[in-house]
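Secondary and tertiary structure notes
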Number of protein chains: 2
Amino acid sequence: MVARKEPVSRRERPAKPALSRRVIVETAVALMRSEGLEKVTMRRLAQELDTGAASLYVYVANTAELHAAVLDALLGEVDLAGADAGDDWREQLRAVVTSYTLVLFAHPQLARSALVARPSGENYLRLVDRVLDLLSRSGASRAQVAWGVDKVLQDATATAAEHSAQDRDPAAADDWNAAVAALRAAGEDTHPAIAAHMPELVGGSAQERLRWGFDVIVNGITHTPVSGPPAD
Amino acid sequence: MVARKEPVSRRERPAKPALSRRVIVETAVALMRSEGLEKVTMRRLAQELDTGAASLYVYVANTAELHAAVLDALLGEVDLAGADAGDDWREQLRAVVTSYTLVLFAHPQLARSALVARPSGENYLRLVDRVLDLLSRSGASRAQVAWGVDKVLQDATATAAEHSAQDRDPAAADDWNAAVAALRAAGEDTHPAIAAHMPELVGGSAQERLRWGFDVIVNGITHTPVSGPPAD
DNA sequence: ACCTGAACACCGTTCAAGT
DNA sequence: ACCTGAACACCGTTCAAGT
């Protein structure tokens, strides 16, 4: 008598989870936290789920969409309240944008993919809605606020993407060092303006630059009408 | 008698060029112009040069460095003069930044890699020097100018990177459409601020947004002192 | 409808061996 | 010193075949 499929292994492992978009994205997030976004590939993720890569394509269109879903899942961690920032819209906005930036700082690779592929997930929409709301309290015109939200988020995202330098990423650190070295090496004769701005050009902590960058964007938005005539 | 290596094919092809960093980068630029940056891989480039991928590693450390070299080569096309922009530093700066943006618009994939890996090539340094020079004529403090140059170039680069949507890139176009659709679909009840800013949120031509974005950054830089006390 | 193995068409990088 | 073939360790995506 030929043995049927052995039910023996049923309790040996935590039971192969039924595939679904949700468990795929959740597993992808876990994989990214433990090994970094570069390991979140269709093949590796399938391995983690005990199946073949082809199976994932039922729930996810391609790798880019998968990474976008991971990003949106992470954006769930952004603190939209801006609770302890008082009543000032500007300080509340600063709190929200800082929270967004910190989430991306923890995963600079995701920030990069956010720059490349426009996010459109639910958590991102919530963030956009909140930033619009706070920005509109500045009194700037509707057009300024509408166009401004992109600038605010773009600046935060780009800053986070650049800041991959520190955390162990050797290639990014090399880039940064190479850039700083190149600026320092620039001679007074060939690059006079670089030499003239030299201490400040590579100075300032990440925090100081971050704070200043936020103020630059917000001041710029509120001071720059969208059409020729002054705002409102 | 065994035939020696046949010299017959000597004139059949344009003579295998001697390998060097210069011919590698030049070939890479040509390959990118004809087939896009995604085809500029070590293996494909080696094939183009009639050799093996391993040979390239004598002159180029890795793929990222290769792409950085391609970017810097392209930055040679940026018009730093800002010739027909008159005497106003702001209009001259606008001309230079617009030229930079246009170069990247033609190759959005390169803009993406510029966001990810800090450029430090010779042409990039020239651009930084020029932008510093023009920005310093605004009368803003040295620190504002030094920190501002990053913001100006970061904004232009990020804008170009996003704008890959149009040109044939189907994935990018899908992203953009998905993002616009998501914004339009956002209900008044769940995302009131999005609904309230709706026509403007997805409106405006690339040119209008580009121009406004430049003014936002420049106005922000000149209006935002670096430390607590007012600039200068 | 969902899942799978196998295949196709690629990658980057290293290294021993040659010239 | 430079160049090479071959190898190692991967990729994304599709598709015919199964359940």
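Residues numbered from 1 in each chain as written. Chains lettered and ligands numbered in written order. Predicted model: local features only at pLDDT ≥ 70, side-chain atom pairs only at ≥ 80, totals over all residues. Heavy atoms only, no water.

**Focus: the packing of aromatic side chains**
Centre distance and the angle of the planes are the two values used to describe a pair of aromatic rings. For clarity, the threshold we go by: In this scheme Phe, Tyr and Trp rings, the latter by its six-membered ring, pair at centre separations within 6.5 Å, and the angle between planes marks the pair as stacked below 30 degrees, edge-to-face above 60, and tilted otherwise. Starting at the N terminus, helices and strands are each numbered in turn, a helix being any DSSP run of H or I of at least four residues and a strand any DSSP run of E of at least two. Burial status follows relative accessibility: with a 1.4 Å probe on protein chains alone, a residue under 20% of its type maximum counts as buried, one over 50% as exposed, and anything between as partly exposed.
Here the structure, examined in full by the defined rule, presents 2 aromatic pairs over all chains. With a centroid separation of 5.8 Å and 80° between ring planes, the pair formed by A:Trp212 and B:Trp147 is classed as edge-to-face. Remark: B:Trp147 occurs in helix α8 (residues 142-162) and A:Trp212 occurs in helix α12 (residues 206-223); the pair is interchain, linking two chains. You can call A:Trp212 buried: its relative accessible area is 3%.

**Some remarks on the domain arrangement of chain A**
Put simply, the test is: Domain boundaries shown here were taken from an automatic or database domain assignment.
Under the domain assignment used here, chain A contains domain 1 (17-60) and domain 2 (78-222). A separation of 30 Å is found between the C-alpha centroids of domain 1 of chain A and domain 2 of chain A.

**Focus: the packing of helix α8 (residues 142-162) of chain A against helix α12 (residues 206-223) of chain B**
As a reminder, the rule being used: Whenever a helix is involved, its axis is fitted only over the stretch in contact; in every case the axis is a line through C-alpha atoms, and angles between N-to-C directions fall within 0 to 180 degrees. The cut-offs work like this: below 35 degrees is roughly parallel, past 145 is roughly antiparallel, 65 to 115 is roughly perpendicular, and the gaps in between are oblique. Residues count as neighbours in contact if any of their non-hydrogen atoms are within 4.5 Å of one another. Think of it as three bins: nonpolar holds Ala, Val, Leu, Ile, Met, Phe, Trp, Tyr, Cys and Pro, charged holds Asp, Glu, Lys and Arg, and polar takes everything else, Gly as well.
Following both chains from N to C, one finds α8(A) and α12(B) inclined at 75°, their axes separated by 11 Å at the closest point. The orientation of α8(A) relative to α12(B) falls into the category roughly perpendicular. Touching A:Gln144, A:Trp147, A:Gly148, A:Asp150 and A:Lys151 of α8(A) are B:Glu208, B:Arg209, B:Trp212 and B:Gly213, all from α12(B). Residue composition of the contact of α8(A) with α12(B), grouped by class: 2 nonpolar, 3 polar and 4 charged.

**Some details on empty space enclosed by the protein**
The condition is simple: The rule is simple: put a 1 Å grid over the protein atoms alone, call a set of points where a 1.4 Å probe fits but cannot get out a cavity, call an open set with protein on both sides within 12 Å along at least five of seven lines a pocket, and count a residue as lining if it has an atom within 4 Å of a point. Grid points are joined across faces, edges and corners, and a volume is the space filled by probe spheres set on the points.
Within the structure shown, the criterion is met by 6 cavities of 30 Å³ or more. Considering only enclosed or pocket space, the largest cavity measures out at about 210 Å³ in volume. Lining the largest cavity are 16 residues, with A:Arg118, A:Asp150, B:Ala179, B:Leu183 and B:Leu201 sitting closest to its centre. Secondary structure elements with two or more residues in the lining of the largest cavity: α7 (122-136) and α8 of chain A together with α9 (170-185) of chain B. The leading source of residues in the lining of the largest cavity is α9(B), at 4 residues.

**Some words on the protein's contact with DNA strand C**
The condition is simple: Here a residue is considered near a molecule or strand provided that any single heavy atom belonging to it is located within 4 Å of it. Any pair of N or O atoms that falls within 3.5 Å is considered a polar contact. Within protein, one atom must be able to donate a hydrogen and the other to accept it, and sequence-neighbouring residues count only if both atoms are side-chain atoms.
The immediate surroundings of DNA strand C are formed by 16 residues, with A:Thr51, A:Ala54, A:Tyr59, B:Arg43 and B:Tyr57 found nearest. Those atoms of DNA strand C that come within 4 Å of the protein belong to sugar or phosphate at a rate of 56%. Residue A:Ser55 places a side-chain N or O atom 3.1 Å away from a phosphate oxygen belonging to DNA strand C. Between a phosphate oxygen of DNA strand C and a main-chain N or O atom of B:Thr63, the distance comes to 3.2 Å. If you list the elements that add at least two residues to the surface near DNA strand C, you get α3 (53-56) of chain A together with α2 (42-48) and α3 (53-56) of chain B. Counting residues per element, the surface near DNA strand C draws most heavily on α2(B), at 3 residues. Among the residues forming the surface near DNA strand C, the class breakdown is 7 nonpolar, 5 polar and 4 charged.

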